[in-house]
Amino acid sequence: MKRSNKPIFWSLFGAGGMLSALCGPALIFITGIALPLGWVPRAYERAHAIALHPLGKLALVAVIGLFLFHGCHRMYHCVHDFGIHVGPGMKAAFHGFAALGTAVALVLVLAVS
Amino acid sequence: MNTYKRSMAGWWQRNPFYRWYMLRELSCVFVTAYALVLLLGLYRLVQGPEAFAAWQAALAMPGSLVFHLVALVLVGYHSWTWFKIMPKTLPRISLPDWAVVTGGIGAVIAVSAALLWTALG
Amino acid sequence: MRSIAIECLRYHPETDRAPRLQSYDVPFTDDMSVLQGLQYIKDQLDGSLTFRWSCRMAICGSCGLMLNGKPSLGCEHFLRDYYPGPLRVEPLNHFPIVRDLAIDQSDFLRKLESVKPWLIGEPPAKGTHLQTPRQLDEYYQYSQCINCLLCYAACAQYGLNDKFTGPAALALLHRYNADSRDHGKQERMQVVNAEDGVWGCTLVGYCSEVCPKGVDPARAVNQNKIESTKDYFLRFLAPRKGA
């Protein structure tokens, strides 16, 4: 029987799942509800400061990247669960999208000045 | 042997257990969507304060607020189910299942409180 | 005496193109199991109804059925709990139907054989294996499997893809890996690591919910995801024979 390379994707899925389970609800509330309603004092300055700091950059790439890998991996499985056949093409598309998003996040955090 | 194979069409609608499973799984759509919203926000941040302010204004639109409220509920459900299920994925450790679940949910509350305190304080 | 309508799935391949439901009116007392209801039908109403059963006490694993859509053992569920009914009785989901309520289990039997469900390795040179209660504890719950297949009927992933090894087979694989007397873990890793091994599972968790013996196959399968991941990444550090 051929060895599956699921462990790679499952590890990313797991890391993303853990991060989104711990931080997801709070982050969604902060950036999606508190921020637009003006409840976050000095939002731009503080967001900018986070994006300038090396740990902040790491956190941004980790959150965006791992959330994407978790979400895309599970979405790939959801398509299968709905009875739609998923082949290697779909697998590459979903995980490739997550990888692309992570790469864009990396480029952006390095571009912050 | 003339065996009969039954169809799997609509399988998840036949049982509440399966429905809740599908809801749990579909939370991933909102995890992905939110990550993309953050990515956009990061892009606006790179573009400067005016772009960021414009993004902040767009977030205040009713559609965005509704999306984030739904995302909050479903990702919250993801958090809950993640830690409820975690004991099944761990190797045999000296902690009983309920301790793992309680610890996990406790961590969610603690991390959330820390993030909220930092952002809103 | 009260009566309940039991609707049974009927399928006789020599005459039927597709299954249909047939209703029977079954008088019952409070101590009658669903299995006894079926036996009443066969003995008194319709001798052509086909179903498997044996011990009547939830240890042989023969009488697995779908009761109102839920995988259940007929001998440990009672007609009084389904009153006023109707009670819908169908063969276990996700398996081909041979006749009426009897399914074709041969796929499971192949899966079971593939996990090598026996102790692998040399017996002790002198005397018998010694095992402490703590060592027994490591695998005991997984040894309680009666191969009733309720977990396969519950498993959506097996329903969607019957190449998936499935809950009971993987739980039994784990039962032997976790047994201190066994030395076959490496041999079984091929099954674990495959796409249709542990990776076919998405932790729906319904298998553990329906298991009548508390085996918790969901746990057995998902613990081995970590093992498989370790095996995947560490194989480059410590090459093993035949890895």
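A tally of helices and strands in chain C yields nine helices and seven strands. In terms of its C-alpha atoms, chain C occupies a principal-axis envelope of roughly 70 × 40 × 30 Å. For chain C, with 243 residues in total, the buried portion stands at 45%. Considering only contacts in chain C between residues 6 or more positions apart, those separated by 24 or more positions represent 67%.

Okay, the overall build of chain A next. Tallying secondary structure elements over chain A gives four helices and zero strands in all. Helices (α) and strands (β) of chain A occur, in sequence order from the N terminus, as α-α-α-α. What you see for chain A is a C-alpha radius of gyration of 17 Å, clearly larger than the 13 Å of a compact globule of 113 residues, by over 25%. Dimensions of chain A, computed from C-alpha atoms along their principal axes, come out at roughly 55 × 25 × 20 Å. Across chain A, contacts joining residues at least 24 apart in sequence account for 71% of those joining residues at least 6 apart.

All names here are of chain C. Where strand S3 (residues 64–67) and strand S4 (residues 70–73) come together, four bridges link them in antiparallel fashion. When the sheet's bridge partners are listed, Leu67 is paired in S4 with Lys70. Where S3 hands over to S4, the hairpin turn is made up of two residues, of which Asn68 adopts a positive phi near 50°. Here two bridges tie S3 to strand S5 (residues 87–90), and the two strands are oriented antiparallel to one another. Along S5, the bridge assignment pairs Leu67 with Val89.

Let us look at the domain arrangement of chain C. All names here are of chain C. With domains assigned, chain C is organised as domain 1 (2–103) and domain 2 (106–234). Of note, the centres of domain 1 and domain 2, computed from C-alpha atoms alone, are 30 Å apart. Domain 1 puts 14 residues into the contact, and the matching count from domain 2 is 13 residues. Those elements that place two or more of their residues in the side of domain 1 that touches domain 2 are S3 and S4. The element that contributes the greatest number of residues to the side of domain 1 that touches domain 2 is S4, accounting for three residues. For the side of domain 1 that touches domain 2, the class distribution of residues is eight nonpolar, five polar and one charged.

Residue and element names in this part refer to chain C. Here Ser208 shows up in helix H8 (residues 206–210). What makes Ser208 buried here is the crowd of 21 C-beta atoms within 10 Å. With 57 residues separating them along the chain, Ser208 and Cys151 place their C-alpha atoms 7.1 Å apart. If we ignore the near neighbours within four places in the chain, the residues touching Ser208 are Asp216, Pro217, Ala218 and Arg219.

Turning our eyes to something else, we now look at the sheet that holds strand S2 (residues 20–28) of chain C. Residues and elements named next belong to chain C. Judged by pairing direction, the sheet is mixed, and its five strands sit side by side in the order S2-S1-S5-S3-S4 without closing on themselves. Of all the strands in the sheet, the pair left with one neighbour each is S2 and S4. Within this sheet the neighbouring strands show an average axis-to-axis angle of 35°, counted without direction. Sheet topology places strand S1 (residues 2–10) next to S2; nine bridges connect them, and they run antiparallel. Opposite Ala5, over in S2, you have Asp25 as the bridge partner. Those strands touched by helix H1 (residues 34–45) are S1, S2, S3 and S5, and its axis lies near 100° from that of S2.

Before going further, it helps to examine the pairing of S5(C). Regular strands place their side chains on alternate faces of the sheet. Note: S1(C) against S5(C), three bridges, orientation parallel. For Cys8(C), the partnering residue across the bridge sits in S5(C) and is Val89(C).

This paragraph deals with the interface of chain A and chain C. Contacts between chain A and chain C engage eleven residues on the former and 13 residues on the latter. Of all the secondary-structure elements, those providing two or more residues to the side of chain A that touches chain C are helix H1 (6–34) and helix H3 (54–81) of chain A. Here the side of chain A that touches chain C gets four residues from one element, more than from any other, and that element is H1(A). Its residues assigned to classes, the side of chain A that touches chain C shows three nonpolar, five polar and three charged.

This next bit is on the interface of chain A and chain B. Tallying the contact residues gives 46 residues for chain A and 43 residues for chain B. At 16 residues, H1(A) tops the list of elements feeding residues into the side of chain A that touches chain B. Residue classes in the side of chain A that touches chain B are distributed as 33 nonpolar, eleven polar and two charged.

Below, the discussion takes up the confidence of the model for chain A. Taken as a whole, chain A shows an average pLDDT of 95; of its residues, 100% reach a score of 70 or greater. Element-level mean pLDDT values for chain A span from 95 in helix H2 (residues 43–52) of chain A up to 97 in H3(A).

Let us now look at the packing of helix H4 (residues 88–111) of chain A against helix H1 (residues 16–47) of chain B. Axis separation between H4(A) and H1(B) bottoms out at 9 Å; the angle between their running directions is 25°. As the angle between them shows, H4(A) and H1(B) are arranged roughly parallel. You can see that H4(A) and H1(B) cross each other, and the crossing is left-handed. Residues Gly101(A), Val104(A), Ala105(A), Leu108(A) and Ala111(A) of H4(A) form the contact with H1(B), whose own contacting residues are Ala35(B), Leu36(B), Leu39(B), Leu42(B), Tyr43(B) and Val46(B). Of the residues contributing to the contact of H4(A) with H1(B), the split by class is ten nonpolar, one polar and no charged.

This paragraph deals with the packing of helix H7 (residues 185–193) of chain C against helix H9 (residues 217–234) of chain C. Residue and element names in this part refer to chain C. Close contact between H7 and H9 brings their axes to 10 Å; oriented N to C, the two are set at 105°. Judged by the inter-axis angle, H7 sits roughly perpendicular to H9. Residues Met189, Val192 and Asn193 of H7 lie in contact with H9, whose contacting residues are Asn224, Glu227, Ser228 and Asp231.

Because an α-helix completes one turn every 3.6 residues, residues spaced three or four positions apart along the sequence face the same direction. Taking 1.5 Å as the rise per residue, H9(C) with 18 residues should run 26 Å; its terminal C-alpha atoms sit 26 Å apart, in good agreement. Pro217(C), Ala218(C), Arg219(C), Ala220(C), Val221(C), Asn222(C), Gln223(C), Asn224(C), Lys225(C) and Ser228(C) are the residues of H9(C) that are buried. In this fold, the buried residues of H9(C) make contact with H1 of chain A, helix H3 (62–89) of chain B together with helix H4 (150–154), helix H6 (167–177), H7 and H8 of chain C.

What counts as what
Residues numbered from 1 in each chain as written. Chains lettered and ligands numbered in written order. Predicted model: local features only at pLDDT ≥ 70, side-chain atom pairs only at ≥ 80, totals over all residues. Helix = DSSP H or I, 4+ residues; strand = E, 2+ residues; numbered from the N terminus. Buried ≥ 20, exposed ≤ 12 C-beta atoms within 10 Å, placed from the backbone. Contact = placed C-beta atoms within 7 Å. Rg over C-alpha atoms; globule rule 2.2 N^0.38 Å. Pairing = 2+ DSSP bridges. Domains from an automatic or database assignment. Nonpolar A, V, L, I, M, F, W, Y, C, P; charged D, E, K, R; others polar. Axes fitted to C-alpha atoms, helices over the stretch in contact; angles between N-to-C directions. pLDDT = per-residue confidence, 0-100. Parallel < 35°, antiparallel > 145°, perpendicular 65-115°, else oblique. Left-handed = near helix turned anticlockwise from the far one by under 90°. Expected span 1.5 Å × (residues − 1).

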